[in-house]
Amino acid sequence: MFEAHPRSFAENRYVYPVLSRRAGGISIGVNLNADKFCNFHCVYCQVDRSDPREQQKQAVDVARLSEELDRMVALVASGEIYEAAQFRDTPPALRRWNDIALSGDGEPTAYANFEQVVAACAEARRRYGNAEVKLVLITNASLFHRERVRRALNVLDANGGEIWAKLDAGTEEYYQLVARSAIPWRQILDNLRDAAKVRPIVIQSLFMRIRGEPPRPEELAAYCDRLADILAAGGRIKLVQVHTIARKPAENWVAALSKAEVDAIAGLVHGRTALPVAAFEGEMGGVNSG
Ligand code: SF4
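As the structure is a prediction and not an experimental result, all values here were calculated from the model.

1. Structural notes on empty space enclosed by the protein
Scanning the model with the defined rule gives 2 cavities of 30 Å³ or more in all. Taken as a whole, the second largest cavity encloses approximately 90 Å³ of empty space. Taken together, 13 residues make up the lining of the second largest cavity; nearest its centre are F40, K166, D168, Y175 and A179. At 4 residues, helix 5 (residues 172-179) tops the list of elements feeding residues into the lining of the second largest cavity. In terms of residue class, the lining of the second largest cavity is built from 10 nonpolar, 1 polar and 2 charged.

See below:
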């Protein structure tokens, strides 16, 4: 996989390239959560946390991350990456750099130096990129109220940033069932509303079968109401992504919905909110969303 540039990314700790057919090009992933830390414990999470040794919270080495990012961006921007075995068969139409995505094996905003990391990503994009290259933050929205996170979001806004924020429930009860987090439900809703009032956001939602049962119609109606609440408060939502489980989940009592079920939820959300909705059954937009 990494034959052509063994030192360029095989040994990276934070930065990795992904060919995304959906994005129509290369996404440079930045994973701050090598320690797999997250303040949610989603029942569908795809991150393997079976080894407790991996879950000691570690500081992000921003200098190392910046070096890795610089090398990766240079490889992608120059096209040299297509000489690597993993990317040699990339069709010409997909030989383009789409984005830098902050996601990973946990919640990226949970790191004290998240602001510096966003600044490093913005700098790398500025140096090598063009206006089409996006900076994408994939997040559970749990910490937007922290001042240091707000500042980082402002840097994101100034540098072609997009926030893809998780919302998987319409009610507190279902949120607790799915996310199993100490972060209050009200905080999540307030954070989504406040972030959407500053810039348009993307909502990423994952629905699944729990112990054989798909989400109840009342839950889906409440979920649409939560989206409507954001809009009514003056928030802007540029897209709602409806996903289901695509890889092995944390719990064996959750399972994917069928394509028809995902499409039906997407149709319902569009019908109830008039928002643009995209349905996905396969590849996720980012690791953070499961
Ligand atoms: S799905 Fe995302 S937010 Fe949920 S536990 Fe996994 S990494 Fe955390």
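This is not the end of the story, as more comes after the structure.
2. Here's the deal with the nonpolar core
One broad trend across soluble globular proteins is that nonpolar side chains are buried collectively. Ranked by size, the top nonpolar core spans 84 residues in total, and within it V30, L69 and I203 carry the most contacts. Per-element tally for this core: the top contributor is helix 2 (residues 62-78), with 7 residues. Setting aside residues up to four positions removed in sequence, V30 forms contacts with Y14, V15, Y16, L65, L69, I100, A101, L102, S103, G104, V117 and C121. Core analysis: the next-biggest nonpolar cluster, separate from the first, contains 5 residues, A101, V136, I138 and W164 among them.

3. Let's talk about the layout of surface pockets
For the second largest pocket, the calculated volume is near 210 Å³. The wall of the second largest pocket is formed by T171, E173, Y174, L177, I210, E213, P214, P215, R216 and E219. Here the element with the most residues in the lining of the second largest pocket is helix 5; it accounts for 3 residues. Looking at the lining of the second largest pocket residue by residue, the class counts come to 5 nonpolar, 1 polar and 4 charged.

4. A word on the pattern of salt bridges
Opposite charge on two side chains makes pairing possible when the charged atoms of those side chains draw close. All chains considered together, the criterion is met by 17 salt bridges. The shortest N-O distance in the salt bridge between E218 and R216 comes to 3.2 Å. Residues joined by salt bridges that share partners form a network here, namely D70, E123, R126 and R127.

Conventions adopted
- Residues numbered from 1 in each chain as written.
- Predicted model: local features only at pLDDT ≥ 70, side-chain atom pairs only at ≥ 80, totals over all residues.
- Heavy atoms only, no water.
- 1 Å grid on protein atoms, 1.4 Å probe; cavity = no way out; pocket = protein on both sides within 12 Å on 5 of 7 lines; lining within 4 Å.
- Points joined across faces, edges and corners; volume = space filled by probe spheres on them.
- Helix = DSSP H or I, 4+ residues; strand = E, 2+ residues; numbered from the N terminus.
- Nonpolar A, V, L, I, M, F, W, Y, C, P; charged D, E, K, R; others polar.
- Core = buried A, V, L, I, M, F, W, Y, C linked by side-chain atoms within 4.5 Å.
- Buried < 20%, exposed > 50% of the residue type's maximum accessible area, 1.4 Å probe, protein only.
- Contact = heavy atoms within 4.5 Å.
- Salt bridge = Lys/Arg side-chain N within 4 Å of Asp/Glu carboxyl O.

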